[in-house]
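# A closer look at the structure
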Amino acid sequence: MSLSVFQNKKQKILQQLAVPDSSYHDASPKGTVDLGIRALVDEINVLDALVTTSSCAGRIAVYLEGRKKNRDIVQEDDSEEANAGSGGKGGGQWLFVSHDPLPSEQQGRNLTSMFGMSTSSGISIPTSAKDTRWVRCKFEPMILHIFCSSVESAQRVQTAALGAGFRESGISNISRLPDGSVTAMAAIRTTGLAFDSVIGYEAADGQLMPMVDETYMDALVQLANERFIVNRERTERFRQGLETQFTQVQNQDSDWEPADVRKARKRAEGLARQAAAREKSKEVFTALDETESHDLMLD
């Protein structure tokens, strides 16, 4: 039996993911699937109706903005790692990325240097914000994009995501494929845990100058570490919710119905119940009539 369009696409994605890490490289700054989310990605891809297209377990990142163009800052695609190269758009540059918590107040650690900024000139502020390229430190929670074989499957993913606290999750790119099937993309994300802080800038000589001290940077690290914990708790709730949603489908096997079929069946069942109720009412009235006739005969 020939594969559907969705199955063909899924097969190609899984072939790419099956390549060893030493040979695999994607467009993210890391270049591979995060270790912290690989198990979840594998669990999702086992499900017939789903396949992951991009992922990030959550991260703390420091980057230099791209250059300004037409008064708009052109920088890396910071909504997700999948399309951001190591240099970013417009000349932006990743300075530091970690998908795991960082030790807080580590002995002898220099965050200024770790985050790619100069340690020779101390803290400074640019004379003007105009055309300044800022160094930003941010935390981003887990994000996933999942290609779904149907809108109903995408709705199940979204239900699990919203229930786990990924409140900005949604469904997009609903498309009718050449074989007549309708697919959708589910994005699992939240902005509730994110933060973005300016910590430095690029000077005229090209040096990246810190605007805050080590104490402030360490406070950002501590904040990120706390959010890593919450992020992982929500990710686990999403995994459990997804398992619940699709276990129901797999247990039902061929009995599971698309929404329009289910609606038609429920309507038919409702009409049948109404008809049965009318028949029962007729029987009651007939019995009452017979009783009244019997009473008249006795009189």
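Nothing here was measured: the structure is a model prediction, and the numbers come from that model. (Residues numbered from 1 in each chain as written. Predicted model: local features only at pLDDT ≥ 70, side-chain atom pairs only at ≥ 80, totals over all residues. Heavy atoms only, no water.)

Moving on, we come to the overall build of the protein. Within the protein, the regular secondary structure consists of 6 helices and 11 strands. Per-residue burial over the protein gives 40% buried out of 299 residues. Approximately 17200 Å² of the protein is accessible, and the part contributed by carbon and sulfur atoms is 51%. (Helix = DSSP H or I, 4+ residues; strand = E, 2+ residues; numbered from the N terminus. Buried < 20%, exposed > 50% of the residue type's maximum accessible area, 1.4 Å probe, protein only. Areas by Shrake-Rupley, 256 points an atom, 1.4 Å probe, with all protein chains shown as cover.)

Looking now at the sheet that holds strand 5 (residues 93–98). A sheet is described by the order of its strands in space; here 5 strands give the open sequence 5-2-6-10-11, paired in antiparallel fashion. Edge positions in the sheet fall to strand 5 and strand 11 (208–210), since each has one partner strand and no second. Taken pair by pair, the neighbouring strands of this sheet meet at an average axis angle of 30 degrees, ignoring direction. Sheet topology note: the strand 10 (residues 195–202)/strand 11 ladder contains 3 bridges and is antiparallel. Residue G200 lies in a different strand from strand 11, and its bridge partner there is P210. (Pairing = 2+ DSSP bridges. Axes fitted to C-alpha atoms, helices over the stretch in contact; angles between N-to-C directions.)

Relative to the elements of secondary structure, S169 occurs in the loop between helix 4 (151–164) and strand 8 (170–176). Overall, the relative accessible area of 8% leaves S169 in the buried class. Polar contacts involving the side chain of S169 include one to the main-chain amide nitrogen of R189, which spans 3.1 Å. If we skip the residues at most four places from it in the chain, S169 touches Q158, A161, L162, A187, I188 and R189. (Polar contact = N/O pair within 3.5 Å; in protein donor to acceptor, adjacent residues only side chain to side chain. Contact = heavy atoms within 4.5 Å.)

Looking now at the nonpolar core. Nonpolar side chains in soluble globular proteins generally cluster together in the buried interior. Counting residues in hydrophobic clusters, the biggest one holds 31 residues, and the most contacted among them are L50, L144, I146, V157, I188 and F238. When contributions to this core are tallied by element, the ones reaching two or more residues are helix 1 (5–17), helix 2 (35–46), strand 1 (50–56), strand 7 (143–148), helix 4, strand 9 (182–188) and helix 5 (214–252). No other element matches the 5 residues that helix 4 contributes to this core. Beyond its immediate stretch of four places on either side in the chain, I146 contacts I44, L50, V51, T52, T53, V157, A184, M185, A186, I188 and F238. The next biggest cluster of nonpolar side chains, apart from the first, holds 22 residues, and it includes I60, C137, I199 and L208. (Core = buried A, V, L, I, M, F, W, Y, C linked by side-chain atoms within 4.5 Å.)

Turning to helix 1, a few remarks are in order. With 13 residues, helix 1 ought to run about 18 Å at 1.5 Å a step, and its terminal C-alpha atoms sit 19 Å apart, in line with that. Every buried residue belonging to helix 1 is among F6, K10, I13 and L17, and all of these are buried. Here the buried residues of helix 1 occupy an arc of 65 degrees about the axis, which is enough to place them on one side. Opposite the buried face of helix 1, by more than 90 degrees, sit the exposed residues K12 and Q15. Contact partners of the buried residues in helix 1: helix 2, strand 1, strand 7 and strand 9. (Expected span 1.5 Å × (residues − 1). Arc of directions from axis to C-beta.)

With that settled, consider the pattern of salt bridges. Counted according to the given criterion, the structure contains 11 salt bridges. With a closest N to O distance of 2.4 Å, E140 and R59 form a salt bridge. Placement of the pair is E140 in strand 6 (residues 134–140) and R59 in strand 2 (residues 59–64), with a sequence separation of 81 residues. An identical accessibility class is assigned to E140 and R59; each is buried. The residue R239 makes a salt bridge to E243 at a minimum N-O spacing of 3.7 Å. Of the two residues, R239 and E243 both sit in helix 5, 4 residues apart, roughly one turn of that helix. Residues joined in a network through salt bridges with shared partners are E43, E236, R239 and E243. (Salt bridge = Lys/Arg side-chain N within 4 Å of Asp/Glu carboxyl O.)

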